[in-house]
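Residue-level structure breakdown
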Amino acid sequence: SAGAFTRKKVKEKINPSTAETAMSSITSKVLTVEDSLIQLLPIRNTVFQNLISMINDIIPSVIKEDSSESVSKKCQAALQYLDNYRGKLEPTFDLDDENTMLQIMRNERFEQLLEEFRKNLEAMLHYSGGDGMKSFHGLYPLVKSSKITLSELGEGLVKDFPYQVPTKTKYAALPRLLGRARVTFSLARRTSSSSNSFLKTTVPLGNVTIIADGFAAPLTAGNFVDLSIRNFYTGLPVRNINKLWKKSSQEDQAYTSLAGKLENAVVKLESAAVGKLEETAQDLAVQLGVGGAKDKEANESGSVSSVIPILGSFLDGFIDPLTGKPRRIPLEIVLADQPSNFHYILKGDSTNNGDCVQKHVRPFLTFDIPGLVAMNHPERNCNGGSSEFFSLPLHDIVADRVEEINGQYAPFGYIIEGWDLMQNLDSSVEIESTFVDDWGRQNLVKIKQSSFSDVMNSTSTEDSEA
């Protein structure tokens, strides 16, 4: 293991016994995509941390008659604090970086993000003055957007990458993401022409945007971004796999982690804000587990199966032109070994490929986070991932299932747009196009000093040790 830094992880248990309890818990401090983006950053800037606390405190856990006035005061306080201490938020500069123009561009982007964050605060102040509960519908997406913007600001405050990523032997050829990148997929559904069944046509479905996070898994995220830049994923269809889960008790099945349903609940609330109240209320009740779908029956072995969509599937995976062999990514996990400390570990040297991570290990990123994206790998080879990735569907975010795969797959990203599309994937859907943002491309690093012969020698060594 290498690299450690301090950051708190806040997570509270929720006991969703009724729909009323579930609704009041929507604003509880459950770890979300945006929380993960912020908390993984190794930042000790006091102003930055105070702004995070202010944003987290804007929406009350229990909504009362005077909540709008309270929210308005908190938004005003956050705006005033930002204006007073804006000078304390300065991006870090690498004095050894010869590309001065790039540093100037980074500084300009930082200022743009600061202004975007301020506009979000102003918008929240506007909504908080609205009429009762309606005003809160507009606050949810603004708070989420503000946190994501804060996480982008936070990247500019990171002085040094917190982990020592391996650069020798069999890892030398692997790209690594020393920061973050936005990857957008355009999804389409394949259809056949009525006159010619062999002629493929597609119907656009929309976009899915994933933030690949090098602070969560630098090699795994780096591989994902590298393949996206290469357009490896373009044209690949979704592959459905049947996942066998250990059968849960009735109590656990009834629990059905509310944390995994909060994201969908917020989407439903946003729909309600634009005039679909009755339809939304019925749909939301189902999503929160009130009269929801039942689990599939167990098979003879006592296991329960469900369908998980896998993206990026192609034969044996990506063939790395540098080695002429399928690229294999070792399992990476960021651990929360103590409540306030994270450690990055790489399980690529495990002698038992079937033993991913010891049971006592506590990963920071867990699969009850809605929208978490992870790399897939063969069932008994945790270091055999290549190009496939997945996001656990809503219906599988259940306490026992989450616990079953925590630490067994490497989370490397988060869905920030198109989450609803990812809930409705089937084998007729394919990735039509791929786009990686320019700043993400800047964060992708390849070990240039590795020659072809060096990599081939290390690969031969790896084969002989297998």
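Predicted model, so just to flag it, every value in this text is computed and none were measured. Counting from 1, residues in each chain are numbered in the order their sequence is written. Since the coordinates come from a predicted model, pLDDT governs what is reported: local features require at least 70, and pairs of side-chain atoms require 80 or more to be given and counted, while whole-chain, interface and lining totals use all residues. Side-chain numbers come from the whole structure's heavy atoms, not from hydrogens or water.

**A few points about a nonpolar patch on the surface**
Excluding any residue in a salt bridge, patches collect residues exceeding 30% relative accessible area, merging like charges within 9 Å and nonpolar Val, Leu, Ile, Met, Phe, Trp and Tyr side chains within 5 Å. Using a 1.4 Å probe, the Shrake-Rupley method yields the accessible areas, and only the shown protein chains count as cover for residues. Here, a salt bridge means any side-chain nitrogen of Lys or Arg that lies within 4 Å of a carboxyl oxygen of Asp or Glu. The grouping of M101, I104 and M105 at the surface amounts to a nonpolar patch, some 280 Å² of accessible area in total. By the criteria applied, helices consist of DSSP H or I runs no shorter than four residues and strands consist of E runs no shorter than two, each listed in order from the N terminus. Looking at the secondary structure, you find I104 in helix α5 (residues 100–128).

**Quick look at helix α4 (residues 67–85)**
In this model α4 runs 27 Å from its N-terminal to its C-terminal C-alpha over 19 residues, within 8% of the 27 Å that 1.5 Å per residue would give. Partly exposed residues are those whose accessible area sits between 20% and 50% of the maximum for their type, while under 20% is buried and over 50% is exposed, using a 1.4 Å probe and protein chains only. All buried positions along α4 are accounted for by S67, S68, V71, C75, A78, L79, Y81 and L82. Looking straight down α4, one finds its buried side chains confined to an arc of 165°; they lie on one side. Opposite the packed face of α4, turned more than 90 degrees from it, sit the exposed residues K73 and N84. An expected span of 1.5 Å times one less than the residue number is assigned to each helix. The arc in question is traced by the directions running from the helix axis to the C-beta atoms.

**Looking at the side chain of D213**
The residue D213 is located in strand β4 (residues 200–213) in this model. Overall, D213 belongs to the buried group, its relative accessible area being 0%.

**Describing the packing of aromatic side chains**
Working definition: rings of Phe, Tyr and Trp (its six-membered ring) pair if their centres are within 6.5 Å, and the pair is stacked with planes under 30 degrees apart, edge-to-face with planes over 60 apart, and tilted otherwise. Within the structure shown, the criterion is met by 16 aromatic pairs. Judged by centre distance (5.7 Å) and plane angle (45°), the ring pair of F224 and Y233 falls under tilted. Accessibility assignment for this pair places F224 and Y233 in one class, buried. By way of ring pairs, the aromatic residues F185, F224, F232, Y233, F314, F318, F389 and F412 are connected into one cluster. Consider the ring centre and the ring normal. A charge sits over the ring if Lys NZ or Arg CZ is within 6 Å of that centre and within 35 degrees of that normal. One residue, K243, lies across the ring of W245, its end atom 5.4 Å from the ring centre.

**Topic: unusual backbone geometry**
A positive phi angle, close to 60°, is found at N231, a residue other than glycine. Note on placement: N231 falls in the loop between α7 (218–229) and β5 (239–246). The backbone of L315 sits at a positive phi, close to 45°, despite the residue not being glycine. Residue position: L315 is located in the loop between β6 (303–310) and β7 (319–320).

**Observations concerning the side chain of S391**
With respect to the helices, strands and loops of the structure, S391 is situated in strand β12 (residues 389–391). Between N or O atoms, a polar contact is any pair within 3.5 Å; within protein, one atom must be a potential hydrogen donor and the other a potential acceptor, and residues adjacent in sequence are included only when both atoms are from side chains. Here the side chain of S391 touches L372 through a polar contact of 3.0 Å, landing on its backbone oxygen. Only heavy atoms enter the contact rule, under which two residues are in contact if any of them lie within 4.5 Å. For S391, the contacting residues outside a window of four places in its chain are G371, L372, V373, I415 and M422.

**Some details on the pairing of strand β11 (residues 372–375)**
Neither face of β11 is exposed, since L372 and A374 on one face and V373 and M375 on the opposite face are all buried. Pairing between strands is defined by DSSP: at least two bridges between them are needed. Looking at chain direction, β11 and strand β13 (residues 411–417) are connected through three bridges and run antiparallel. In the sheet register, A374 faces β13, and the bridge partner there is P411. Taken together, the three bridges between β11 and β12 define a ladder with antiparallel strand orientation. Bridging from a neighbouring strand, A374 pairs with F390 of β12.

**A closer look at the pattern of salt bridges**
One pass over the full model with this rule turns up 18 salt bridges. D213 serves as the salt-bridge partner of R180, at 2.9 Å between the closest nitrogen and oxygen. With R180 in strand β3 (residues 180–192) and D213 in strand β4, this residue pair connects regions lying 33 residues apart in the sequence. A single burial state applies to R180 and to D213, both of which are buried. One salt bridge in this structure joins E388 and R239, with 3.0 Å as the shortest N-O distance. Of this pair, E388 sits in the loop between β11 and β12 while R239 is found in strand β5, placing the two residues 149 residues apart along the sequence. With relative accessibility at 15%, the residue E388 sits in the buried group. Through salt bridges with shared partners, one network takes in D226, R230, D320, R327 and K446.

**Here we look at empty space enclosed by the protein**
Buriedness for pockets is judged along seven lines, at least five of which must meet protein on both sides within 12 Å for an open set on the 1 Å grid over protein atoms alone, while cavities are sets there where a 1.4 Å probe fits but cannot get out, and lining residues have an atom within 4 Å of a point. Grid points are joined across faces, edges and corners, and a volume is the space filled by probe spheres set on the points. Applying the stated criterion across every chain, the model contains three cavities of 30 Å³ or more. Lining of the largest cavity is provided by T220, I329, P330, L331, M375, N376, H377, C382, G385 and A410. Residues are sorted three ways: Asp, Glu, Lys and Arg are charged, Ala, Val, Leu, Ile, Met, Phe, Trp, Tyr, Cys and Pro are nonpolar, and all the rest, Gly among them, are polar. When grouped by side-chain class, the residues that make up the lining of the largest cavity number six nonpolar, four polar and no charged.

**Concerning the packing of helix α3 (residues 46–56) against α4**
Under this scheme, a helix contributes an axis fitted over its contacting stretch, all axes are lines through C-alpha atoms, and angles between N-to-C directions fall in the 0 to 180 degree range. Where α3 contacts α4, the axes come no closer than 10 Å and their chain directions differ by 170°. One element, α3, and the other, α4, form an angle in the roughly antiparallel class. Contact residues: T46, V47, N50, L51 and M54 in α3; A77, A78, Y81, L82 and Y85 in α4. Orientation categories follow fixed angle ranges, with anything under 35 degrees roughly parallel, anything over 145 roughly antiparallel, 65 to 115 roughly perpendicular, and all other angles oblique.

**Quick notes on the confidence of the model for the protein chain**
Every residue is assigned a pLDDT by the predictor, reflecting its confidence on a scale from 0 to 100. Considering every residue of the protein chain, the mean pLDDT works out to 77; 69% of them sit at 70 or more. Across residues 250–257, where pLDDT falls below 50, the model places 16 contacts with residues more than four positions away in sequence or in other chains. Per-residue pLDDT stays below 50 along residues 284–294; that stretch engages in 18 contacts with residues further than four places along the chain or on separate chains.

**A closer look at the environment of G235**
Its place among the elements puts G235 in the loop between α7 and β5. What makes G235 partly exposed here is its relative accessible area of 36%. Separated by 48 residues in the primary sequence, G235 and L187 have C-alpha atoms spaced 9.5 Å apart. When neighbours within four sequence positions are excluded, G235 is seen to be in contact with E430 and I431.

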